[in-house]
Amino acid sequence: MSQLGRFILVLAILFILAGCWNRVELNELWVTAATGVDMMDDGQWMVSYQIIVPSAIANGTGGGTGGSSQPASHVFSVKSKTYNQALSYSNLKTSRRIYVAHNRVVFIGKRAAEKGMDRLIDFYLRNTEAREMVNIIVTDGLASDLLKKLLPPEKLQGAAMAELVNKESDILSLFPKVRVYDLALSMNSDSKSIGVPVAELIGERDHQNEQEAESLDVFKKTSAPLRLALTKLGVFQNGKLKGFLNKKESLGVSYLSQKVNNTEVSFPCGEQPSREMYSSLLVNSANVKLTPRKTSSHYTIQVEVKINGTLNETTCTKDISKTKAIHDLEKEISKEVTKTINEGWAKLQELGVDVTGFADRIHRRFPKEWEMVKKDWEQEFKKIELDIRVDARIQRPGLLQKHIGSQT
């Protein structure tokens, strides 16, 4: 090919390969901070979108005062037969296209959770924009109602809720965060179960306070009458909601699931059995080792927990500069942790839901026996016994040798 022919070919290619043929400008999109999924009485899904209003954030009016103020987000809902249809039908209600790639959290209404999360997972794994690392939170009522509530002092409720879940997982470990990816893994595991955090409105719930929580008036108060908070753990089996666990039961399950990063243990002093006076250990590390064992009639899980922490509050009158006093406190901590694990385990056995993932461990440890028990795993799960051994160590008791109010 001559030099002229090559030049013409390159020129033709440049005209064909236009660099911006599929561009989408930001002012053509509505970026979502959170979404909500509800099941309605007529059997249709209602998908709600909390979209970000950039002008409110840029002008600083999203949580301020004044007549020109506007919320930093707007919520609207679409009813449809499928999630993707809801995304398509959203174009009938808004001038911009919904963009879900930056979604931070998905709220699931109770009825939708009971119906099943298989469709949600299918949508997130097939859609090229939706990201499967988004957090999932269950609500006791309608997810759409929760999306409309503001979360002072934060402007974007969806982003704030995602940060709340992340911080809770790192600091308390009562309700470890769950992503769409985790839910998908659980449905394809042997246990087919998982625990998901539940968010609720707490405070004085009446019509006036609920209306105020949806307006900028809530930012004018130093204390909001209603607040969004994580309150319990929703237990899922085969993608469907089966029940709830309270805070202590959920923490016990976190130990058994090896999901405790940091937490707090409140424990009574041994010499004060009749007084409700508690001390506090800030747990810096909690290592849990789970070992399945097979007996003649059932399985036993040996649970070895090693806890190290800082004594950051005490009402005990003992002189904690003495080694025996420290050992006595460590025994009380071990008893409290054992009690917490047993409470969570008792609730799981009552529900018959293997949130701990013991089925996967037994399958790996006893592959031949698993083929015989997997069909009746729910009944076999209820027969499992725990052998709990807790070793608690106080690494830093503090500079004070006695409780500040001690008379001895």
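Refer to the structure above for everything that follows.
Quick summary incoming for the structure in this document. Only a predicted model underlies this, so the values are computations on that prediction, with no experimental measurement involved. (Residues numbered from 1 in each chain as written. Predicted model: local features only at pLDDT ≥ 70, side-chain atom pairs only at ≥ 80, totals over all residues. Heavy atoms only, no water.)

1. Details of the overall build of the protein
At step 1: The helix and strand tally for the protein stands at 14 helices and 13 strands.
At step 2: The 408 residues of the protein split such that 50% are buried.
At step 3: For the protein, the share of sequence-separated contacts (at least 6 apart) that also reach a separation of at least 24 residues comes to 72%.
At step 4: Here the protein displays about 21,300 Å² of accessible surface, and carbon together with sulfur accounts for 51% of that area. (Helix = DSSP H or I, 4+ residues; strand = E, 2+ residues; numbered from the N terminus. Buried < 20%, exposed > 50% of the residue type's maximum accessible area, 1.4 Å probe, protein only. Contact = heavy atoms within 4.5 Å. Areas by Shrake-Rupley, 256 points an atom, 1.4 Å probe, with all protein chains shown as cover.)

2. Regarding the pattern of salt bridges
At step 1: Summed over all chains, the structure comprises 21 salt bridges.
At step 2: Lysine 149 is paired through a salt bridge with glutamate 214; the nearest N and O atoms lie 3.1 Å apart. Here glutamate 214 lies in the loop between helix H9 (207–212) and strand S8 (226–237) and lysine 149 lies in the loop between helix H6 (143–148) and helix H7 (157–171), a separation of 65 residues in the sequence.
At step 3: On the basis of relative accessible area, lysine 149 is assigned to the buried category, the value being 2%.
At step 4: Between arginine 179 and aspartate 182 there is a salt bridge, with its nearest N and O atoms 3.0 Å apart.
At step 5: Residue arginine 179 is classed as partly exposed on the basis of its relative accessible area, which comes to 24%. (Salt bridge = Lys/Arg side-chain N within 4 Å of Asp/Glu carboxyl O.)

3. Examining a positive patch on the surface
At step 1: A surface patch of like charges, here positive, comprises Lys115, Arg119, Lys240 and Lys242.
At step 2: Examined against the element boundaries, lysine 115 turns out to sit in helix H4 (residues 110–115). (Patch = residues over 30% accessible without salt bridge, like charges linked within 9 Å, V, L, I, M, F, W, Y side chains within 5 Å. Lys, Arg positive; Asp, Glu negative; His and termini not counted. Charge placed at Lys NZ, Arg CZ, Asp CG, Glu CD.)

4. Description of the nonpolar core
At step 1: One finds Phe107, Tyr255, Val303, Phe358, Trp377, Ile384 and Leu386 to be the most contacted residues of the largest nonpolar core, which totals 66 residues.
At step 2: Sort the elements by how many residues they give to this core and helix H11 (residues 323–351) lands first, with seven residues.
At step 3: Within the second largest apolar cluster, 36 residues are counted, among which are Val47, Val100, Val106 and Val178. (Core = buried A, V, L, I, M, F, W, Y, C linked by side-chain atoms within 4.5 Å.)

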